[in-house]
Amino acid sequence: MRNAYFVEVTDTFGGEANYTWVHRFKVSATTQRGAMRKIANRFGGYGSIRKDFDTGDMQRWVWKNACMCAFIEHYDNQAETVRSVESI
């Protein structure tokens, strides 16, 4: 069964999310890890990703060779109000 996830990818400064730029995605995948694999493939050659922390509702993933992080959570209709959400 596929689930929908809302993912925000942004830059980091000093290890913290910076939001100088941000990309928002609606991803259809079986698991959050599967959704992050799709995101990692979308951004290409920035190296591997790993889960940084998990609050139960939201996870933060970071790239090994880039100053980037991603926040992933289950998609709800409230996210529809966010402009520029791209579906993958």
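What comes next is a walk through the structure. (Residues numbered from 1 in each chain as written. Predicted model: local features only at pLDDT ≥ 70, side-chain atom pairs only at ≥ 80, totals over all residues. Heavy atoms only, no water.)

Before going further, it helps to examine the packing of aromatic side chains. Going through the model one piece at a time under the given rule, you end up with three aromatic pairs. Relative to phenylalanine 43, the ring of phenylalanine 25 has its centre 6.0 Å away and its plane inclined at 90 degrees; by these criteria the two rings are edge-to-face. Taken as a pair, phenylalanine 25 in strand β2 (residues 16–29) and phenylalanine 43 in helix α1 (residues 32–43) lie far apart in primary sequence, 18 residues in all. Across the pair, phenylalanine 43 and phenylalanine 25 agree in class, each one buried. An aromatic cluster is present here, built from Phe25, Phe43 and Trp63 joined pairwise through their rings. (Phe/Tyr/Trp six-rings, centres within 6.5 Å; stacked < 30°, edge-to-face > 60°. Helix = DSSP H or I, 4+ residues; strand = E, 2+ residues; numbered from the N terminus. Buried < 20%, exposed > 50% of the residue type's maximum accessible area, 1.4 Å probe, protein only.)

Another aspect to go through is the side chain of arginine 60. Looking at the secondary structure, you find arginine 60 in strand β4 (residues 58–63). A polar contact of 2.8 Å, which involves the side chain of arginine 60, links it to the backbone oxygen of glycine 15. For arginine 60, the side chain forms a polar contact with the side chain of aspartate 52, separated by 2.6 Å. Leave out the neighbours within four places in its chain, and arginine 60 touches Thr12, Gly15, Glu16, Ala17, Arg50, Lys51, Asp52, Phe53, Cys69, Ala70 and Phe71. (Polar contact = N/O pair within 3.5 Å; in protein donor to acceptor, adjacent residues only side chain to side chain. Contact = heavy atoms within 4.5 Å.)

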